[in-house]
Amino acid sequence: MKQILVVDDSAVIRKIARRILDGMRFETSEAEDGAKALAACAFLMPDAILLDWNMPVMDGFEFLRQLRKLPGGTRPKVVFCTTENDITHIARAMHAGADEYIMKPFDKQILQSKFEEIGLV
Amino acid sequence: MISAYASLRTYLKNAAGIVLDADREYMAESRLAPLVRKFDVSSVDALLARLNTSNDPRLRQDVIEAMTTNETYFFRDRAPFDMFENLVLPALLEQRAEERAIRVWCAGCSTGQEPYSLAMLLDANARRLAGWRVEILATDISTAALDSARQGSYNQFEVQRGLPVSQLLRYFVHEGSQWRLAEHLRARVDFRELNMMSDFSALGPFDLVFCRNILIYFDQATKIDVLRRVANVCRPDAFLVLGAAETLVGLGNAWKPHAIHRGVNIRAA
């Protein structure tokens, strides 16, 4: 079973994402900011990360930059999932090494479509 | 006396070939409810009574549109588009090497995501297609869907269903809450209103037809008839793509499945 780390400071978003991902037969874990997510990845590198942009302590962009420097940190597929919906943010995220980008709000169909796109389902 | 629902079923069958099961009255009620207010009548029954007695073309069109589904998204089911790029396009590049022209028909194009997905793939293959003329004709029975398709403007949900973000960045412009497809791709698609029950013999010839999730509305005889008439507007070595859950089983002998590639069909000899 593939492991997904959901990184978002909103407990509601984490809950919604977990419910959808559980239904898609992923093993889901959660982190509420970039620093905690980085610690989680250092302990066990997931197959994919659903990543918010704006978070306290460490934002998603900085997390991604540091993740890719970790041993095995280039392996996880990273899907940004954020309210930032302008082309500049999207381009910046993709340039930084994200694999896909979801603009909130999202639903199961969007999540499924993006995960299919990066070969996770 | 014929019930209002029975008369609706007769109307849909005669006007658009649409077969509505006898036990779907609840669906008709819910789908036609918005038209009750629009046409200022007291109930769905009253709406259907007016449908029977008036020749109001707007009402007749709106009822058909309300009873059909416009569900679609970019690169829907993905496999047909991979097959287009990897099998159909290379084959047509060989088959049409002399005339250097390809004509594609997207029947039942709804709000345009299917023909625009093909237009994006053609753009991505621009180098192979240099010097070629590729036409995409996209038809639908719904004028509302076609109006939307011509705009090429989609909301945030629509551009995230099936569309890779790389394509979004490459081909769309963010305009307020909408995302608008680039002009050069919109210009590639010719949208036209078409009822599949009408004579479409003048539209051909085509090299590829996408006819996905339309046949589900028709009865067996109509499906066979439509597939035969589609074959008649296609070149002898043309390709036909049906919906993911649709097969040719029991649907006449105009087309047959491709020997190797499931999901693509070719003209039967």
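Chains are numbered independently. Their residues run from 1 in the order of the written sequence. All chains are assigned letters beginning with A, and all ligands numbers beginning with 1, in the order in which they are written. Totals for whole chains, interfaces and linings use all residues, but because this is a predicted model, local features are given only for residues with pLDDT of at least 70 and pairs of side-chain atoms are given and counted only at 80 or more. As a rule here, side-chain values come from all non-hydrogen atoms in the structure, and water together with hydrogens is ignored.

1. What about the sheet that holds strand S7 (residues 206-211) of chain B?
Strand pairing in a sheet takes place through backbone hydrogen bonds and is either antiparallel or parallel in direction.
Residues and elements named next belong to chain B.
Item 1. DSSP-based pairing: two strands are paired if at least 2 bridges between them are found. Only runs of H or I of at least four residues qualify as helices and only runs of E of at least two qualify as strands under DSSP, and these elements are numbered from the N terminus. The seven strands lie next to each other as S6-S2-S1-S7-S8-S10-S9, forming an open sheet whose pairing is mixed. Every other strand in the sheet has two partners, leaving strand S6 (189-193) and strand S9 (255-257) as the edge strands with one partner each. For this sheet, the mean angle separating the axes of adjacent strands, direction not counted, is 25 degrees.
Item 2. In terms of strand pairing, strand S8 (residues 234-242) meets strand S10 (residues 264-267) through three bridges, oriented antiparallel. Looking at S10, one finds that Phe 239 is bridged to Ile 266.
Item 3. Contact criterion: two residues are considered in contact whenever any of their non-hydrogen atoms come within 4.5 Å of each other. Simply put, an axis is a line fit to the C-alpha atoms, just over the touching stretch for a helix, and the angle between two N-to-C directions goes from 0 to 180 degrees. The sheet contacts of helix H6 (residues 113-124) involve strand S1 (101-107), strand S2 (133-140), S6 and S7, and relative to S2 the element is tilted by about 170 degrees.
Item 4. The sheet strands contacting helix H7 (residues 143-151) are S2 and S6, and the helix crosses S6 at an angle near 165 degrees.

2. Observations concerning the interface of chain B and chain A
The accessible area lost on association of the parts is a frequent measure of interface size.
Item 1. Counting residues at the interface gives 17 residues for chain B, matched by 19 residues for chain A.
Item 2. Buried area is calculated as the accessible area (1.4 Å probe) missing from two parts once they are joined, with the contributions of both summed. Summed over both sides, the interface of chain B with chain A buries roughly 1,500 Å², with 58% coming from carbon and sulfur.
Item 3. It is Gln160(B), Val165(B) and Leu169(B) that lose the most area in chain B upon contact with chain A, and together they represent 40% of the buried surface on that side.
Item 4. Put simply, a salt bridge is a Lys or Arg side-chain nitrogen that is within 4 Å of an Asp or Glu carboxyl oxygen. Between chain B and chain A we count one salt bridge in total.
Item 5. For Arg161(B), the salt bridge goes to Asp107(A), with nearest N and O atoms at 2.3 Å.
Item 6. Within 3.5 Å is the distance limit for a polar contact, defined as a pair of N or O atoms, with the added protein rule that one can donate a hydrogen and the other accept it, and that residues adjacent in sequence qualify only through two side-chain atoms. At the boundary of chain B with chain A, the tally comes to ten residue pairs in polar contact (both at pLDDT 80 or more).
Item 7. At the level of secondary structure, the elements contributing two or more residues to the side of chain B that touches chain A comprise helix H8 (165-171) and strand S4 (172-175) of chain B.
Item 8. Among the elements that make up the side of chain B that touches chain A, the one with the highest residue count is H8(B) (three residues).
Item 9. Side-chain classes follow a simple rule in which Ala, Val, Leu, Ile, Met, Phe, Trp, Tyr, Cys and Pro form the nonpolar group, Asp, Glu, Lys and Arg form the charged group, and the remainder, Gly included, forms the polar group. For the side of chain B that touches chain A, the residue count by class is ten nonpolar, four polar and three charged.

3. So, the pairing of strand S4 (residues 77-82) of chain A
Residues and elements named next belong to chain A.
Item 1. Throughout this description, buried means an accessible area under 20% of the type-specific maximum (1.4 Å probe, protein chains only), exposed means over 50%, and partly exposed covers the range between. In terms of residue burial, S4 counts as a mostly covered element, since five of its six residues are buried.
Item 2. By the bridge criterion, four bridges tie strand S3 (residues 48-51) to S4 in an arrangement that is parallel. Directly across from Ile 49, in S4, lies its bridge partner Val 78.
Item 3. Each parallel crossover has a hand, and for S3 linked through helix H3 (residues 60-67) to S4 it is right-handed.
Item 4. In terms of strand pairing, S4 meets strand S5 (residues 100-103) through four bridges, oriented parallel. Bridge pairing in S5 places Phe 80 opposite Tyr 101.
Item 5. After leaving S4, the chain enters helix H4 (residues 87-95) and then returns to the sheet as S5, a path that is right-handed. A right-handed crossover is one whose linking path, passing over the helix from the first strand to the second, runs clockwise when the strands point away from the viewer.

4. Overview of the sheet that holds strand S5 (residues 178-181) of chain B
Residue and element names in this part refer to chain B.
Item 1. Sheet architecture is open: three strands sit in the order S3-S5-S4, paired in antiparallel fashion. For this open sheet the edge positions go to strand S3 (153-155) and S4, each flanked by a neighbour on one side alone. Ignoring strand direction, the axes of neighbouring strands in this sheet form an average angle of 30 degrees.
Item 2. Note: S3 against S5, three bridges, orientation antiparallel.

5. A closer look at the confidence of the model for chain B
Item 1. One confidence number per residue, pLDDT, is output by the predictor and ranges from 0 to 100. When pLDDT is averaged along chain B, the result is 94, and 99% of the positions lie at 70 or above.
Item 2. As a predicted assembly, this complex carries a pTM of 0.93 together with an ipTM value of 0.91.

6. Comments concerning the environment of Gly131(B)
Residues and elements named next belong to chain B.
Item 1. Considering the arrangement of structural elements, one finds Gly 131 in the loop between H6 and S2.
Item 2. Judged by relative accessible area, which is 66%, Gly 131 ranks as exposed.
Item 3. Separated by 114 residues in sequence, Gly 131 and Ala 245 have C-alpha atoms that sit 36 Å apart.

7. Overview of the packing of aromatic side chains
Item 1. Aromatic pairing here means that ring centres of Phe, Tyr or Trp (its six-membered ring) are within 6.5 Å. Orientation follows from the plane angle: under 30 degrees is stacked, over 60 is edge-to-face, and everything else is tilted. What the rule picks out here adds up to eleven aromatic pairs over all chains.
Item 2. Measuring from centroid to centroid gives 5.5 Å for Phe26(A) and Phe115(A), while their planes differ by 75 degrees, and the two rings are edge-to-face. Residue Phe26(A) is found in the loop between helix H1 (11-23) and strand S2 (27-31), and its partner Phe115(A) is found in helix H5 (residues 108-117); the two are separated by 89 residues along the sequence. As far as the burial class goes, Phe26(A) and Phe115(A) line up, both buried.
Item 3. Counting every residue linked through ring pairs, the aromatic cluster contains Trp53(A), Phe61(A), Phe80(A) and Tyr101(A).
Item 4. Both a distance and an angle decide whether a charge sits over a ring: NZ of Lys or CZ of Arg must be within 6 Å of the ring centre and within 35 degrees of the ring normal. For the cation-ring pair, Arg92(A) lies above Phe61(A), with the distance from its terminal atom to the ring centre recorded as 3.9 Å.
Item 5. Above the face of the Phe75(B) ring, Arg78(B) is positioned so that its terminal group lies 4.6 Å from the ring centre.

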